[in-house]
Amino acid sequence: MKIIVCIKQVPDTTNVRINPETNTLVREGVQSIINPFDVYAIEEAVRLKEKHGATVTVITMGPPQAAEALREAISLGADDARLVSDRAFAGADTLATAYALSCAVRHLGGDAKAPAGGVDVILMGRQAIDGDTGQVGPGVAENLDISHVTDIRKIEEIKDGRIVVERLLEEGYARIAARLPVVLTVVKEINTPRLPSLKGKLAAKKAEIPVLKASDIGADPERLGLNGSPTQVMKIFTPPKPGGGKKFTGEPAETVGAFLTELAAAGITIRKR
Amino acid sequence: MNYFLTDDQKMIKDLAAQIAREKIAPIAAELDESQQFPWDVVKTLAQSDLFRVFIPTEYEGLGGGMFEMCLVVEELSRACSGIALAYAASGLGTIPIILFGNEEQKKKYLPRLAAGEILAAFGLTEPGAGSDAAGIKTTAKPDGDSFVINGTKQWITNGGEAAIYTLIALTDPARGVRGSSAILVDKDHPGFTFGKKENKMGIRASATRELVFQDCRVPKTNLLAKEGMGFLVAMKTLDQSRPGVASQALGIAQGALDKAVEYSRERHQFGKPISAFQGIQFMLADMATQVEAARSLTYAAARSIDAGEKDVSRLSAMAKVFASDTAMKVTTDAVQVLGGYGYMKDYPVEKMMRDAKITQIYEGTNQIQREVIALGLIKESVRGKK
């Protein structure tokens, strides 16, 4: 079985600064990590490999320093990694990103005639914690013309080219069967990621991480980067904190009374039953 | 302080620290209370390859030595030395196989120990033979192709949890200590049972049990080294393992120091953080100085062993004495810095103080260690005069 995990390197904080002129994130001085949801995807891929036998390749589209995230993925159990990196990808929105990743998947599958190039399962986190769109997974699937299931909390079985998964819903879950190849995006309920191993870390240190350029993956330049991105970020801002409010502290016996008095003063009365 | 760790050693230290932080610290107080054996942590350590670090590469280890083991024990012990002991005591049980095992024995046990599938233990102490280890009474009578073992080993760490035990027993009681031998015994061997789990003052997440042998028949192929070499196997093993106890003590001391510094900055009295008072500052300064000195001595001992130094008894005894006395002193002072809160179980330092005490006692009391050091000095002096 061939598994590809798509990951994203993201800044390790919710307190990122934003450059007001370009409306992009200021990445300097902020530590980068693997998007936390993607770590669950890596773990699930490694578990599938342990259970069914598979090769796990991790890819990311990003600048050269994103190779660090790929090395970390290898230390967590992935077999190898590719960095999809080219100036042509710069400024990509989710549509252009999904297109480029789908080209990389097909290229890595190696079989031009097979659906998804012969890759069986494509895994990723449900969304990246910086952009929070959740669009890239389904986008990759559409570009490859294969099915996708988002928000997977469990992979029940893979058998005879068919996969059964549980998809997390707001209340409960849906049990879904899909034909392989398939794109799955996972939620954190799916597993508890293991810590890296020393063997994995040693392998990561030594690993060569080949770079795939736009021409390597046979991508149409018109659909890449800014050219291929119909959406533009107009403005990024921190929403104002809701103001006002009053906190009542102390013993409940006193604070409840004070609270009710305050409500009454504001013209709100509570009807007794 | 720069201890010139290689990249691989830094990697080992960082990974052990991550496990201590994420998997051990959150459960340390709970396991101290429940005395539950930390199998989940053992599984994590195994998955992370940490049991491999001190095992030769031919047997699926990563080829490091005692220094690598010490780095792991220190980091784990910063969070909980009781949990760390499952790892360290397995190391102690593994050392005699590495040092004295024949090819067949190494092939049988080391790969599984490296993978962390099984734990090891070491059985020397008996009810009547503690510091006077030569006073052991357990016998392993040769009978055809077997030894028939009878007797009781006491306070054996990992007892009942480990799958493989290195046992020191008398194969020729008439010759006393010269008639002792080291024998490997598997947990499920008929005639081998365990006493109840001891209820201890500290290191309560570790398992300490009696090993009871009643006509336990093991094949002679389980003999380590040669008949009559049991005491030598024990002494050489302990020479190697003492820096492990030292690093456990070191980790406890460092963990207590970290808590004391953190608390002193948060706790306000007389309108200031107590870290602003010289009385506290001087305590913290002394604690930190002692910890660093203990680290230097412990690392030096472990590195000397790995460098193949011939006589390491004295240095490894010094490391054990100094680091364990430091742990006792620093944890006691940490409780003092935290004051009344330090005495309460809501804060981790009282546990560290209870945990520290054992490091002055086991694997040779600090009094015995001082004897080893002094004897080394005197021998050297006598030799020098000749």
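Residues numbered from 1 in each chain as written. Chains lettered and ligands numbered in written order. Predicted model: local features only at pLDDT ≥ 70, side-chain atom pairs only at ≥ 80, totals over all residues.

Sorry, what's going on with the overall build of chain A here?
Within chain A, the regular secondary structure consists of six helices and 13 strands. Across its three principal axes, chain A shows a C-alpha extent of roughly 75 × 45 × 40 Å. Residue burial in chain A is summarised as follows: out of 273 residues, 39% are buried. Long-range pairs, those at least 24 residues apart, make up 66% of the contacts in chain A between residues at least 6 apart in sequence. (Helix = DSSP H or I, 4+ residues; strand = E, 2+ residues; numbered from the N terminus. Buried ≥ 20, exposed ≤ 12 C-beta atoms within 10 Å, placed from the backbone. Contact = placed C-beta atoms within 7 Å.)

Before we go on, may I ask you to explain the overall build of chain B in this structure?
What chain B contains, in helices and strands, is eleven helices and ten strands. Here chain B has a C-alpha radius of gyration of 21 Å; the compact-globule value for 386 residues is 21 Å, and the two agree. Dimensions of chain B, computed from the C-alpha atoms along their principal axes, are close to 80 × 55 × 40 Å. A burial count over chain B gives 52% of its 386 residues as buried. (Rg over C-alpha atoms; globule rule 2.2 N^0.38 Å.)

So what exactly am I meant to see when it comes to the domain arrangement of chain B here?
Much of the literature gives interface size as the accessible area that the parts lose upon coming together. Residues and elements named next belong to chain B. Here chain B is partitioned into domain 1 (7-119), domain 2 (121-228) and domain 3 (231-385). Centre-to-centre separation of domain 2 and domain 3, based on C-alpha positions: 29 Å. The interface of domain 2 with domain 3 comprises 14 residues on the first partner and ten residues on the second. When the residues that make up the side of domain 2 that touches domain 3 are grouped by side-chain class, the tally is eleven nonpolar, three polar and no charged. (Domains from an automatic or database assignment. Nonpolar A, V, L, I, M, F, W, Y, C, P; charged D, E, K, R; others polar.)

Would you take a moment to explain the sheet that holds strand 12 (residues 182-186) of chain A for this structure?
Strand pairs in the sheet, formed through backbone hydrogen bonds, run parallel or antiparallel to each other. All names here are of chain A. The sheet built from nine strands is open, its strands ordered 11-10-9-12-8-1-6-7-13 with mixed pairing. The open sheet terminates on both sides in strands that have one partner only, identified here as strand 11 (173-179) and strand 13 (211-212). Along the sheet, helix 3 (residues 94-109) makes contact with strand 1 (2-7), strand 6 (55-61), strand 7 (80-84), strand 8 (121-125) and strand 13, crossing strand 6 at roughly 150 degrees. (Pairing = 2+ DSSP bridges. Axes fitted to C-alpha atoms, helices over the stretch in contact; angles between N-to-C directions.)

Looking at this model, I keep getting lost on the interface of chain B and chain A. Mind explaining?
Contacts between chain B and chain A engage twelve residues on the former and seven residues on the latter. Of all elements in the fold, only helix 1 (7-24) and helix 3 (39-47) of chain B reach the threshold of two or more residues within the side of chain B that touches chain A. Broken down by element, the side of chain B that touches chain A gets its largest block of residues, five residues, from helix 1 of chain B. Its residues placed into classes, the side of chain B that touches chain A shows six nonpolar, four polar and two charged.

What should I look at first to understand the pairing of strand 7 (residues 208-219) of chain B in this one?
Each regular strand displays side chains that alternate between the two surfaces of the sheet. Residue and element names in this part refer to chain B. Pairing geometry for strand 3 (residues 146-157) and strand 7, over nine bridges, is antiparallel. Within the sheet, the bridge partner assigned to Thr157 lies in strand 7 and is Thr208. Bridge count between strand 6 (residues 192-194) and strand 7: three bridges; the pairing is antiparallel. Bridging from a neighbouring strand, Thr193 pairs with Val212 of strand 7.

What should I look at first to understand helix 5 (residues 198-206) of chain A in this one?
Residue pairs spaced three or four apart in an α-helix point in one direction, given the helix's 3.6 residues per turn. Taken as a whole, helix 5 of chain A has its buried residues at Leu198(A), Gly200(A), Lys201(A) and Ala204(A). Seen end-on, helix 5 of chain A carries its buried residues on one side only, within an arc spanning 160 degrees. Looking at the buried positions of helix 5 of chain A, the neighbouring elements they touch are helix 2 (67-75) of chain A together with helix 1 of chain B. (Arc of directions from axis to C-beta.)

Can you walk me through the environment of Gly125(A) in this structure?
Turning to its location among the elements, Gly125(A) is positioned in strand 8. Setting aside anything within four residues of it in sequence, one finds Gly125(A) in contact with Asn35(A), Phe37(A), Asp38(A), Tyr40(A), Ala41(A), Thr185(A) and Val186(A).

So what exactly am I meant to see when it comes to the packing of helix 4 (residues 66-79) of chain B against helix 5 (residues 81-100) of chain B here?
Two measures define how a pair of helices packs: the angle their axes make with one another and the distance between the axes. Residue and element names in this part refer to chain B. For the pair helix 4 and helix 5, the least separation of the axes is 8 Å and the interaxial angle reads 160 degrees. Relative to helix 5, the element helix 4 lies roughly antiparallel. Of the two elements, helix 4 crosses helix 5, and the hand of that crossing is left-handed. Residue-level contacts link Met69, Val72, Val73, Leu76 and Ser77 of helix 4 to Ser81, Ile83, Ala84, Tyr87, Ala88 and Gly91 of helix 5. For the contact of helix 4 with helix 5, the per-class residue count stands at eight nonpolar, three polar and no charged. (Parallel < 35°, antiparallel > 145°, perpendicular 65-115°, else oblique. Left-handed = near helix turned anticlockwise from the far one by under 90°.)

It is not clear to me how the pairing of strand 4 (residues 164-170) of chain B should be interpreted in this structure. Could you clarify?
Residue and element names in this part refer to chain B. Burial runs high along strand 4: seven of the seven residues are buried. Neither face of strand 4 is exposed, since Ile164, Thr166, Ile168 and Leu170 on one face and Tyr165, Leu167 and Ala169 on the opposite face are all buried. The sheet contact formed by strand 1 (residues 120-123) and strand 4 spans four bridges and is parallel. Paired with Gly123 across the bridge in strand 4 is Leu167.

Whenever I open this one, helix 3 of chain A confuses me. Can you help?
All names here are of chain A. Taking 1.5 Å per residue, 16 residues should reach 22 Å; helix 3 reaches 22 Å between its end C-alpha atoms and fits that length. Within helix 3, 13 of the 16 residues are buried, leaving the element largely enclosed by the surrounding structure. Positive backbone phi, at 85 degrees, marks Gly110, one or two positions downstream of helix 3. (Expected span 1.5 Å × (residues − 1).)

Can you walk me through the environment of Lys357(B) in this structure?
All names here are of chain B. Secondary-structure assignment places Lys357 in helix 10 (residues 349-359). Considered as a pair, Lys357 and Ala249 are 108 residues apart in the sequence and their alpha carbons are 9.1 Å apart. If near-sequence neighbours (up to four positions away) are discounted, Lys357 is found in contact with Met201, Gly202 and Met328.

What exactly am I supposed to notice about the packing of helix 5 of chain B against helix 7 (residues 230-266) of chain B here?
Residues and elements named next belong to chain B. Where helix 5 meets helix 7, the closest approach of the two axes is 9 Å, and the angle between their N-to-C directions is 155 degrees. Accordingly, the angle class assigned to the pair helix 5 and helix 7 is roughly antiparallel. Judged by the sense of rotation from one axis to the other, the crossing of helix 5 with helix 7 is right-handed. In this structure, helix 5 uses Ser81, Ala84, Leu85, Ala88, Gly91, Leu92, Ile95, Pro96, Leu99 and Phe100 to contact helix 7, whose residues at the interface are Val233, Lys236, Thr237, Gln240, Ser241, Gly244, Gln248, Gly251 and Ile252.

Looking at this structure, how should I read unusual backbone geometry?
Negative phi is the rule for most residues except glycine; trans is the rule for most peptide bonds. Omega for the peptide link from Leu180(A) to Pro181(A) comes to -5 degrees, which places this bond in the cis form. With respect to the helices and strands, Pro181(A) occurs in the loop between strand 11 and strand 12. Look at Asp151(A): it is not a glycine, yet its phi comes out positive at around 55 degrees. Considering the arrangement of structural elements, one finds Asp151(A) in strand 9 (residues 147-159). The residue Glu363(B) is not glycine, and still its phi comes out positive at about 50 degrees. Mapped onto the secondary structure, Glu363(B) falls in the loop between helix 10 and helix 11 (366-385). Residue Glu363(B) is classed as buried on the basis of its 25 C-beta neighbours within 10 Å.

Any chance you could explain the environment of Leu168(A) here in plain terms?
All names here are of chain A. Looking at the element boundaries, Leu168 is found in strand 10 (residues 162-168). Residue Leu168 is classed as partly exposed on the basis of its 19 C-beta neighbours within 10 Å. Distance in space between the C-alpha atoms of Leu168 and Arg153 is 5.8 Å, their sequence separation being 15 residues. Those residues in contact with Leu168 that sit more than four places away from it in its chain are Asp151, Arg153, Tyr173, Val187 and Glu189.

Which parts of the structure should I look at to understand the nonpolar core?
Nonpolar side chains in soluble globular proteins generally cluster together in the buried interior. Counting residues in each nonpolar core, the largest one holds 123 residues, and the members touching the most others are Val72(B), Leu76(B), Ile83(B), Ile183(B), Ala253(B) and Ala334(B). Apart from residues lying up to four places away in sequence, Ile183(B) is in contact with Ala140(B), Phe147(B), Leu167(B), Ala169(B), Val218(B), Asn222(B), Leu223(B) and Leu224(B). Residues Ala41(A), Leu123(A), Val136(A) and Ala141(A) belong to the second largest nonpolar core, which totals 64 residues. (Core = buried A, V, L, I, M, F, W, Y, C linked by C-beta atoms within 7 Å.)

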